[in-house]
Amino acid sequence: MQPHGEVRSLSAGVRRIVAPNPGPMTGPGTNTYIVGETDLVVVDPGPAEPSHIEAILNCVGDRLKFIACTHTHPDHSPAAARLAEATGATLIGRVTADDQHQDLTFQPAAQIEDDDCIAGEGWTLRAIRTPGHVDNHVCFLLEEEGMVFAGDHIMNGSTVVIVPPGGNMADYIVSLRRLLDYDVKVVAPGHGELIPDCRGEVEKLVRHRLMREAKVASALGSAPQSLDGLVTTVYDDVDPAMHEWAKLSLLAHLIKLEGEGRTLKSTVEGVDHWALIA
Ligand SMILES: [Zn+2]
C-alpha cells in the first residue's frame, strides 16, 4: 500500500498521492492524480487535510494550471479551493444540488460538459459525463495514455454506493457502458489501485448490478415491503455492518424498477413500501 503523502509515479505523465482518509467507503484513501511535466493538472485533490494539501503543493510547485474534480463528495473536492488560492489554478468540474453530501466550497469557473477538453504540454484531458454515483460525476480521459480518471464511477476493492436522489441506478449502468465508447487502456479509480482491463471491469460491474436487481425483484412480492425488510434478504452476502449503506443502493434499485413500471410504492404507517406489479 502506498504511504500517505508519498508521490508515486504511475506512468510517463502521471503521479499519484493518496490522501490520509482511509475507511470503509474510501479504501486506502482518496487518490489524487497529478498529470503533466511542465504545466500540470491535479485530478481529485481530495479532502482539505493540511498534510495532504502540503504534499500536493510540494509536488506541483508553481506549475499547476488546472484542478479537475470528478464530483463534489467531501472526500474528493474540498482541497480544491485552498489549492486554487495558493496557486491560481483554474477549477474544472460541475456543481449539483445540495443534498447534504456535497462539498459546497467547490465553485468551478464553468460547468464542464461532455467532450470538453483541457490541455497542457504533452497531455489532453477529455471530459466524459458519467452521472449515476451522483448526477454531477465526470470522468477524465488522458488521451495520450488511454488512462481514465474514474473518481467514484469505478472503485478498486469496494462497490460504489448510489445515493438517491443525486445518485441514479439506471443512469449509473448507462454511464458504466459509456466508457466502452472510448479507447481506455487503464482505469485510474478514485480509491484503490489501477485497473488494467476497462472492458472486463465494466462488464463485471454491470453484471453485478443486474444480479442485484434480479435479487430485489425476486425478494419483492405482491405484499408491500420496506427497505429494512428487504435489505437482509437482498444483501445476505454483505456484512450486516454495511447494511445502512446498502439500503441506499437498494433504494436506487427500487427507484429504477419503479421508473420501469415494475414496482409500486405505497406508504404504510409513514414508511415507504414497495411491491411488484404482477
Ligand atoms: Zn463519491
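Student: I keep staring at the overall build of the protein chain and nothing clicks. Help me out?
Tutor: For the protein chain, the helix and strand inventory stands at 6 helices and 13 strands. In terms of overall dimensions, the protein chain is globule-like: its C-alpha atoms have a radius of gyration of 19 Å, near the 19 Å expected for 278 residues. Counting over 278 residues, the protein chain shows a buried share of 44%.

Student: What is the right way to look at the nonpolar core in this model?
Tutor: Proteins that are soluble and globular tend to have nonpolar side chains buried together. Of all hydrophobic cores here, the largest spans 70 residues; its most connected members are V42, I67 and V148. Per element, the largest residue contribution to this core is 7 residues, and it comes from helix α6 (residues 243-259). For this core, the domains that each give at least three residues are domain 1 (8-197) and domain 2 (220-276). For I67, the contacting residues outside a window of four places in its chain are V42, P45, A80, L83, A84, A89, L91 and I92.

Student: Hey, could you run me through the packing of helix α4 (residues 198-219) against helix α5 (residues 227-234) in this one?
Tutor: Each pair of packed helices can be described by the angle between their axes along with the distance between the axes. It is the contact of α4 with α5, at a shortest axis distance of 10 Å, that shows an interaxial angle of 125°. Put simply, α4 runs oblique to α5. Regarding α4 and α5, the two cross each other, and that crossing is right-handed. Mapping the contact onto sequence places R212, K215, V216 and A219 in α4 and L230, T233 and V234 in α5. Along the lines of polarity and charge, the residues of the contact of α4 with α5 split into 4 nonpolar, 1 polar and 2 charged.

Student: Quick question: what am I supposed to make of the sheet that holds strand β6 (residues 90-92) here?
Tutor: The strands making up a sheet associate through backbone hydrogen bonding, with each pair oriented either parallel or antiparallel. Pairing is mixed across the open sheet formed by 6 strands, whose spatial order is β1-β2-β3-β4-β5-β6. Edge positions in the sheet fall to β1 (8-9) and β6, since each of these pairs with one other strand and no more. Alignment of strand β2 (residues 14-18) against strand β3 (residues 31-35), held across 5 bridges, turns out to be antiparallel. Residue pairing across strands places V14 opposite V35, the latter belonging to β3. The sheet contacts of helix α1 (residues 50-60) involve β2, β3, β4 (40-43) and β5 (64-68), and relative to β2 the element is tilted by about 160°. Helix α2 (residues 79-87) rests against β4, β5 and β6 of the sheet, and its axis sits at about 165° to β5.

Student: Explain the sheet that holds strand β9 (residues 138-142) here, please?
Tutor: Strand order in the open sheet made by the 5 strands is β7-β8-β9-β10-β11, with mixed pairing throughout. The sheet terminates laterally at β7 (117-120) and β11 (186-189), the two strands that pair on one side only. Ignoring strand direction, the axes of neighbouring strands in this sheet form an average angle of 25°. Of the strand pairs in this sheet, strand β10 (residues 147-151) and β11 are connected by 4 bridges, and their pairing is parallel. Pairing of M147 across the sheet is with V186, part of β11.

Student: How should the domain arrangement of the protein chain be read in this particular structure?
Tutor: Where the parts come together, the accessible area they lose is often given as the size of the interface. For the protein chain, the assigned domains read domain 1 (8-197) and domain 2 (220-276). A separation of 31 Å is found between the C-alpha centroids of domain 1 and domain 2. Residue classes in the side of domain 1 that touches domain 2 are distributed as 6 nonpolar, 2 polar and no charged.

Student: Is there a simple way to explain α2 in this structure?
Tutor: Given 3.6 residues per turn, any residue in an α-helix points the same way as the ones three and four places further on. Burial in α2 covers these residues: A79, A80, L83, A84 and T87. Burial along α2 is one-sided: seen end-on, the buried residues are contained in an arc of 130°. Where the residues of α2 are buried, they touch β4, α1, β5 and β6. Positive backbone phi, at 80°, marks G88, one or two positions downstream of α2.

Student: Would you take a moment to explain the pairing of β3 for this structure?
Tutor: A regular strand places its side chains so that they alternate between the two faces of the sheet. For β3, a buried count of 5 out of 5 residues is recorded, marking the element as mostly surrounded by other parts of the structure. For β3 and β4, the ladder comprises 3 bridges, and the chain directions are antiparallel. Bridge pairing in β4 places I34 opposite V42.

Thresholds applied
- Residues numbered from 1 in each chain as written.
- Predicted model: local features only at pLDDT ≥ 70, side-chain atom pairs only at ≥ 80, totals over all residues.
- Helix = DSSP H or I, 4+ residues; strand = E, 2+ residues; numbered from the N terminus.
- Rg over C-alpha atoms; globule rule 2.2 N^0.38 Å.
- Buried ≥ 20, exposed ≤ 12 C-beta atoms within 10 Å, placed from the backbone.
- Core = buried A, V, L, I, M, F, W, Y, C linked by C-beta atoms within 7 Å.
- Domains from an automatic or database assignment.
- Contact = placed C-beta atoms within 7 Å.
- Axes fitted to C-alpha atoms, helices over the stretch in contact; angles between N-to-C directions.
- Parallel < 35°, antiparallel > 145°, perpendicular 65-115°, else oblique.
- Left-handed = near helix turned anticlockwise from the far one by under 90°.
- Nonpolar A, V, L, I, M, F, W, Y, C, P; charged D, E, K, R; others polar.
- Pairing = 2+ DSSP bridges.
- Arc of directions from axis to C-beta.

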